[in-house]
Amino acid sequence: MSSKEFDVVIIGSGLGGLMSGALLSENGQRVCVLEKHHQIGGNLQTFRRGGVTFNSAMHYVGSMEKGEILYQVFRYLGILDQTGLEKLDSDHYETIYMGDRVYSHASGMEGHRKRLLSYFPDESEAIDAYLKKIEEVWNSTKVLNLQDFRNLYDAETQYTQMSAHDFIDGLTDNEELKALWGVNSALYAGVPDKSPLITHAIISYHYLQSAYKFSKGTDLLAAALEKVITRNGGAVQRNKEVVNFLFREKEAIAVECRDGSRVDGKSFISNIHPARLVKLVEPGRFRKAYVKRVEALENTIGSFSVYISLKPGRFKNINSNVYISSSNKVWNAGMYDSITWPGACIMYTTPGKEDPEYAESMTVSAFMKYEEVEAWEATTVERRGADYKAFKALKEEALLDLVETKFKGIRDLIEETYTATPLTFRDYTGIPDGSIYGILKDFNNPRKSYISPNTKVPNLFMAGQNAGVGLHGVLGVTVSALFICANFFDIGKLLKQIKNG
């Protein structure tokens, strides 16, 4: 089966693929997105149980006020009113429980500063130095401010070679304040001896600007981007697993799908993990050293999630993200054993449809090493056996025990629970090891984990959380999509259009 040729064929309908497709199609490219599953969106996927919609992974986004990068991009694409985003409480967009103390973060630089000073009045110098630095890092990557596309973040910029942990540690001797800054490491699975300052600074400043949550389902964003692609003459095809690339001389000319169909294109974009892409391309197209490096890259840790359906009208909706840590040892991605797990978790609720004052659901997630579920890696969803179910039940109870320390009696308010492990995320997103934030960045050797969006195949590019800036979430993959666009048309003109509306 042969298809009509597209200008751009995109492999994978995660947010990076859909965002790239939407931006390209809005600028005259005829786009086809191929998704191996029946549901598009990658980490934007949702599922329904008992009439309740749960976000599978993503739930939180920043930089959504007028003039900020994601607001401007969404407005440019005409999807601002289609995402179901709702603003979190500006005065308490994050609530942090550490040991027996509770803190909250306020939005905006000045509000954020005042809140920190209210907790730590003697630390004004450290607080000012911290806020100045994260703003400096953000502004150094000019595309984040839609200014220009020169001096792009790459593996040699100074902030990729600085340790996030060491930067924070050098600001003050106050362990509690350092922990309050370090708790954001949960948003990128931070590792003290590896995570670079640029990752911490951009993610922290991104949410500090403004914070919103997908209270009506992240699949709305996926659907909105699909509409942009189709209204511009493109297509998003489900149940189309790409198994091979076809070449003519140096360039790719088509992909073959598992069902035997073929899709021809002038250019191709991979939105799948780089380690999976190199397996789809015939040997010799990429250098052996490159393939070896990509396949050996360390991924960030996975997670264990409990999705909770709550009894109606029993638990007040919390309009902020909630972090719970049993102590101020917050750099805990993977730093646990069977006794100390979970140690910390992230929690959020979604408002009820009929009475938004009360929550209809709650999601609680904690880091989990892939090695804990490795014994079942050859199994598939719903076919992993009784031992696996027992393992999940034990982990669920341990996670709920941690939530109970701050929300007494929460078990009495639960109607039903559902769980997911790194294997679940692996099978639904195609990301090796069920990693939640892709390839782990290492300030000790930035070049090693840097993946250029351009490949040795002239018309094959990479998008998503692992390519370009190497940031995850809506922000990271949107910037990655802009990197892709720079290969097709005048990116400076596009940035001006996005900035000026």
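Refer to the preceding data block for the structure.
First things first, this report covers the structure right here in the doc. (Residues numbered from 1 in each chain as written. Predicted model: local features only at pLDDT ≥ 70, side-chain atom pairs only at ≥ 80, totals over all residues. Heavy atoms only, no water.)

On to the overall build of the protein, then. When its secondary structure is counted, the protein shows 15 helices and 19 strands. Since a compact globule built from 501 residues should have a radius of gyration of about 23 Å, the 22 Å found for the protein is in line with a globular shape. Its C-alpha atoms give the protein principal-axis dimensions of about 65 × 55 × 45 Å. Burial statistics for the protein: of 501 residues in total, 61% are counted as buried. The contacts in the protein between residues at least 6 apart in sequence include a share of 72% that link residues at least 24 apart. For the protein, the accessible area works out to roughly 20,600 Å², and carbon and sulfur atoms hold 47% of it. Of the charged side chains in the protein, 58 are positive and 61 negative; the average position of the first set lies 6 Å away from that of the second. (Helix = DSSP H or I, 4+ residues; strand = E, 2+ residues; numbered from the N terminus. Rg over C-alpha atoms; globule rule 2.2 N^0.38 Å. Buried < 20%, exposed > 50% of the residue type's maximum accessible area, 1.4 Å probe, protein only. Contact = heavy atoms within 4.5 Å. Areas by Shrake-Rupley, 256 points an atom, 1.4 Å probe, with all protein chains shown as cover. Lys, Arg positive; Asp, Glu negative; His and termini not counted. Charge placed at Lys NZ, Arg CZ, Asp CG, Glu CD.)

Another aspect to go through is helix α14 (residues 473–485). Quick reminder: α-helices carry 3.6 residues per turn. Residues three or four places apart thus point the same way. The terminal C-alpha atoms of α14, which comprises 13 residues, lie 19 Å apart, in line with the 18 Å expected from a rise of 1.5 Å per residue. Within α14, 13 of the 13 residues are buried, which leaves the element mostly enclosed by the surrounding structure. (Expected span 1.5 Å × (residues − 1).)

Evaluated as defined, the whole model comprises zero disulfides. With no disulfide of its own, Cys32 lies closest to Cys257 among cysteine sulfurs, the gap being 8.1 Å. Its sulfur unpaired, Cys485 is 17 Å from the next cysteine sulfur, which belongs to Cys32. (Disulfide = S-S within 2.5 Å.)

Tallied over the full model, the rule gives 23 salt bridges. A salt bridge links Arg384 to Asp427; its shortest N-O distance comes to 2.6 Å. Residue Arg384 is located in the loop between β17 (359–368) and α11 (386–404), and its partner Asp427 is located in helix α12 (residues 422–429); the two are separated by 43 residues in the primary sequence. Here the salt bridges share partners, and the residues they tie into one network are Glu397, Asp401, Glu404 and Arg411. (Salt bridge = Lys/Arg side-chain N within 4 Å of Asp/Glu carboxyl O.)

This brings us to the packing of aromatic side chains. Scanning all chains against the criterion turns up 20 aromatic pairs. With a centroid separation of 5.3 Å and an interplanar angle of 20°, the aromatic rings of Phe47 and Phe54 are classed as stacked. Phe54 sits in the buried class, given a relative accessible area of 1%. Each ring, one from Tyr60 and one from Tyr207, has its centre 3.9 Å from the other, and the planes form 10°; the classification is stacked. With Tyr60 in strand β5 (residues 60–62) and Tyr207 in helix α7 (residues 197–209), the pair connects residues that are 147 residues apart, well separated along the chain. (Phe/Tyr/Trp six-rings, centres within 6.5 Å; stacked < 30°, edge-to-face > 60°.)

Function cannot be read off these values alone, since they describe shape.
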